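Coordinate analysis (summary)
Read off the chains here:
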Amino acid sequence: MSHLKDVLESGKFAVTAEISPPKSASCETIRKKAAMLKDCVDAVNLTDNQTAIVRISSFASSLACLQEGVEPILQMTCRDRNRIAMQSDVLGASAFGIHNVMCLSGDHQSFGNQKEAKNVYDVDSIQQLMIFNKMRLEGQVWGGDELKEKPELFLGAAANPFADPFEFRVQRLAKKIAAGADFIQTQAVFDIERFREFMSSVCDRGLDKKVHILAGVMPLKSYNMAEHMKNNVSGITLPDGMISRMKSAADPKEEGLAICNETIEEIKKIKGVHGVHIMAISWESVVPRIIEDADLRD
Amino acid sequence: MIIAERKPISEIISIIGNNKKILIAGCRSCASVCMAGGDREVATLSEALGLYSDLNSLGWEISEISKERQCEKEWAREIAEEASSADVILSLGCGVGVQFIQEVSGIPVFPGLNTSNMGGPEEQGIYLEKCGGCGDCTLHLTGGICPIARCSKSMLNGPCGGSQNGKCEINPDTQCAWDAIYQNLKRLNCLEMLSEIIPPKNWIPSRSGGPRKIIRKEMVLSEDEKKIKEGLE
């Protein structure tokens, strides 16, 4: 049903990437990017109006990806859908062969291009997992009505080891697992020490045996991007050493890729990590190289 | 005013749990007017909980206090001070009151009420939600009736297809807000206002923009002024 599930359950080191759907009524760029990633990743996340900017839907983008032979991970936020829309969308996704669903609370609309919008947040991302878990296990919608056919779902969730309060982050991860998460993709790791600390408490609680954790990585493209990530993106911490490396680099892109490569090498050594999730924002073309440099494929 | 109603006794008992010394705190403002948490309701609840404790040999020690408002720090502090020997405070104020008391109290403060809405009494014992608190009032466009709070779909451009004989489709006891708006504007001879399309609303001033804070700069005290005020008290 899900190739990503097979890879993770076989104990192989999984690789996922991310495609940002365009602000367009055409899926052509998705198809091109999917073709680029086809032979090197296990699955691709299609973001859901990320940073609350209106884009072609994750559902349509996932379908385009699937048609190109790349397994999609449908992202679904709680910002724009109530439980009726969520359940309906997940039935539709499963019917069309989209089985990986990533449950997210979503970026607040105040960050996007529809600042005046009312948000939904009927349920939060943990409750969303509970609802989908009930649908796939019991063949019932929330509240108990029977489904003629239950959806086949491989459920994903996010974890941010760099947000506060740090002690609560592992507890929250445990809640997501209890609610039904099969795999976790973390926020981009730059601060490897803090990530190591996070993973160590994850393993102490035995959570790495209950869920597949993919560590997020993000290649930095420029010094400005590094500064922006540090100052404006909540829940991302960038060590000062990294910022100064980007600042003094003769070729910032190469430096960014070198940092990314070093990060992946460190991540591979950390107990309990089952894969990496590469978030190359508007730079999807570099993903095959990152994978090759880090020797992530057989 | 804030409309609230008392939680069922069984729920209050379960919230109290294993605590023995309970201070029931009433509020003489909104919660009193909607007959949910004033002096009288505090006394009634105290008696009911005392009876429950006696019947089950729980040995609860229940005391009572009521203040003018729980939603101001001065009053909240007085309640917290009174509770020095209690295990918990059971607030019969609205959700704002519970939070104000908890902020200054070293012991847990539990809610005894469910806070419902901003509204008022229609007649004795009947309370109706009136204001959606959207932060951008347009009552001048809707005949003095708030469609945010009173239309089940918060529609802004007239009634949906579920309006029948002045009632809303969700419940025959629920008035259709847009039917009421129509009748009111007709009475006020302003029906032409209904032909205007109200565009997508700006929800930033509402809860969708996050927790709201209003700062009246001219009223805020400087650090020096705060010290002088503290000295006077």
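These numbers were taken from a predicted model, which means no experiment stands behind them.

Secondary structure summary: chain B contains eight helices and nine strands in total. A globule of 233 residues ought to have a C-alpha radius of gyration of about 17 Å, yet chain B, at 22 Å, is considerably larger. Expressed along its principal axes, the backbone C-alpha trace of chain B runs to roughly 65 × 55 × 25 Å. Among the 233 residues that make up chain B, the fraction classed as buried is 35%. Pairs at least 24 apart in sequence give 56% of the contacts found in chain B among residues at least 6 apart. As displayed, chain B offers around 14100 Å² of accessible surface, 52% of which is attributable to carbon and sulfur atoms.

So, on to the side chain of asparagine 49 of chain A. Residues and elements named next belong to chain A. Mapped onto the secondary structure, asparagine 49 falls in the loop between β2 (43-46) and α3 (58-67). Looking at asparagine 49, the relative accessible area reads 15%, which means it is buried. One polar contact links asparagine 49 to aspartate 48, side chain to side chain, over a distance of 3.1 Å. Contact partners of asparagine 49, with chain neighbours within four places excluded, come to Val54, Arg55, Arg79 and Asp80.

A common way to express how large an interface is: the accessible area buried when the components associate. One can read the domain layout of chain B as domain 1 (2-117) and domain 2 (132-209). In this structure, domain 1 of chain B and domain 2 of chain B have C-alpha centres spaced 36 Å apart.

Another aspect to go through is the packing of helix α8 (residues 223-232) of chain A against helix α9 (residues 240-248) of chain A. All names here are of chain A. Two elements in contact, α8 and α9, have axes whose closest approach is 8 Å; the angle formed by their N-to-C orientations is 155 degrees. With respect to α9, the axis of α8 lies roughly antiparallel. Crossing of α8 over α9 shows left-handed handedness. Along the contact surface, α8 presents Tyr223, Ala226, Glu227 and Lys230, while α9 presents Asp240, Ile243, Met246 and Lys247. Of the residues in the contact of α8 with α9, the class split is four nonpolar, no polar and four charged.

The next subject is the sheet that holds strand β4 (residues 88-91) of chain B. Residue and element names in this part refer to chain B. Pairing within the open sheet is parallel, and its four strands lie in the order β3-β2-β4-β5. Edge strands, defined here as strands with exactly one partner in the open sheet, are β3 (61-67) and β5 (109-111). Across the sheet, the mean angle from the axis of one strand to that of its neighbour is 25 degrees, orientation sign disregarded. In this fold helix α4 (residues 73-82) packs onto β2 (21-27), β3 and β4, with an angle of close to 160 degrees to the strand it touches most, β3.

Moving on: unusual backbone geometry. All names here are of chain A. In this structure, the amide linkage connecting aspartate 164 to the following residue, proline 165, adopts the cis form with an omega of -15 degrees. Positive phi, normally seen in glycine, also occurs at threonine 51, with a value near 50 degrees. Under the relative-accessibility criterion, threonine 51 is labelled partly exposed at 36%. Located in the positive-phi region is tyrosine 121, a residue other than glycine, with phi close to 45 degrees.

Right, let's get into the nonpolar core. Where a protein is soluble and globular, its nonpolar side chains tend to be buried together. If you look at the biggest cluster of nonpolar residues, it comprises 72 residues, and the most contacted ones within it are Val41, Phe132, Leu173, Phe195, Phe198 and Ile267 of chain A. In this structure, phenylalanine 132 of chain A is in contact with Met76, Met86, Gln87, Val90, Val101, Cys103, Leu153 and Leu155 of chain A, ignoring residues within four places of it in sequence. Grouped together as the second largest cluster of nonpolar side chains are 20 residues, Ile13, Leu49, Trp60 and Leu92 of chain B included.

Overall, the coordinates contain one cavity of 30 Å³ or more when judged by the stated rule. In this structure, the largest cavity is lined by Glu18, Ile19, Ser20, Met279, Ala280, Ile281 and Glu284 of chain A.

Each side of the interface is counted separately: chain A has seven residues, and chain B has seven residues. Taken over both partners, the interface formed by chain A and chain B buries close to 550 Å², and the fraction arising from carbon and sulfur atoms is 50%. At the junction of chain A with chain B, the criterion picks out zero salt bridges. Where chain A packs against chain B, one counts four residue pairs in polar contact (both at pLDDT 80 or more).

Time to look at α9 of chain A. Residues and elements named next belong to chain A. Residues Met242, Ile243 and Met246 constitute the buried set of α9. Projected down its long axis, α9 shows its buried positions confined to an angular sector of 100 degrees, all on one face. Set apart from the buried face of α9 by more than 90 degrees, the exposed residues are Asp240, Lys247 and Ser248. Tucked into the core, α9 has its buried residues touching α8 and α10 (252-269).

Turning our attention to the pairing of strand β7 (residues 212-217) of chain A. Residues and elements named next belong to chain A. Burial runs high along β7: six of the six residues are buried. The pairing of strand β6 (residues 183-188) with β7 spans four bridges and is parallel. Following the sheet pairing, alanine 188 is matched in β7 by glycine 216. Since β6 and β7 lie parallel, the crossover through helix α7 (residues 192-204) that links them has a hand, and here it is right-handed. Across five bridges, β7 lies against strand β8 (residues 273-278) in parallel orientation. Counted as the bridge partner of glycine 216 is histidine 277 from β8.

Right, let's talk about the pattern of salt bridges for a bit. Counting across every chain of the model gives 31 salt bridges over all chains. Note that aspartate 48 of chain A and arginine 81 of chain A form a salt bridge whose closest N and O atoms lie 3.0 Å from each other. Of the two residues, aspartate 48 of chain A sits in the loop between β2 and α3 while arginine 81 of chain A sits in the loop between β3 (72-77) and α4 (83-95), which places them 33 residues apart along the sequence. Given the relative accessible area of 3%, aspartate 48 of chain A is considered buried. Take arginine 81 of chain A: its relative accessible area is 16%, and that puts it in the buried class. A salt bridge links arginine 40 of chain B to glutamate 41 of chain B; the nearest nitrogen and oxygen atoms lie 3.9 Å apart. By relative accessible area, glutamate 41 of chain B is classed as buried at 14%.

Turning next to the sheet that holds strand β6 (residues 113-123) of chain B. Residue and element names in this part refer to chain B. Read across the sheet, three strands follow the order β1-β6-β7 without closing on themselves; strand pairing throughout is antiparallel. Each of the sheet's edge strands pairs with one partner strand only, and the pair in question is β1 (2-6) and β7 (126-131). Taking each pair of neighbouring strands and ignoring which way they run, the sheet shows an average axis angle of 70 degrees. Bridge analysis of β1 against β6 gives five bridges, and the strand direction is antiparallel. Bridge pairing in β6 links alanine 4 to threonine 115.

Criteria and thresholds
- Residues numbered from 1 in each chain as written.
- Chains lettered and ligands numbered in written order.
- Predicted model: local features only at pLDDT ≥ 70, side-chain atom pairs only at ≥ 80, totals over all residues.
- Heavy atoms only, no water.
- Helix = DSSP H or I, 4+ residues; strand = E, 2+ residues; numbered from the N terminus.
- Rg over C-alpha atoms; globule rule 2.2 N^0.38 Å.
- Buried < 20%, exposed > 50% of the residue type's maximum accessible area, 1.4 Å probe, protein only.
- Contact = heavy atoms within 4.5 Å.
- Areas by Shrake-Rupley, 256 points an atom, 1.4 Å probe, with all protein chains shown as cover.
- Polar contact = N/O pair within 3.5 Å; in protein donor to acceptor, adjacent residues only side chain to side chain.
- Domains from an automatic or database assignment.
- Axes fitted to C-alpha atoms, helices over the stretch in contact; angles between N-to-C directions.
- Parallel < 35°, antiparallel > 145°, perpendicular 65-115°, else oblique.
- Left-handed = near helix turned anticlockwise from the far one by under 90°.
- Nonpolar A, V, L, I, M, F, W, Y, C, P; charged D, E, K, R; others polar.
- Pairing = 2+ DSSP bridges.
- Core = buried A, V, L, I, M, F, W, Y, C linked by side-chain atoms within 4.5 Å.
- 1 Å grid on protein atoms, 1.4 Å probe; cavity = no way out; pocket = protein on both sides within 12 Å on 5 of 7 lines; lining within 4 Å.
- Points joined across faces, edges and corners; volume = space filled by probe spheres on them.
- Buried area = accessible area lost by both parts, 1.4 Å probe.
- Salt bridge = Lys/Arg side-chain N within 4 Å of Asp/Glu carboxyl O.
- Arc of directions from axis to C-beta.
- Right-handed = clockwise from strand over helix to strand, strands pointing away.

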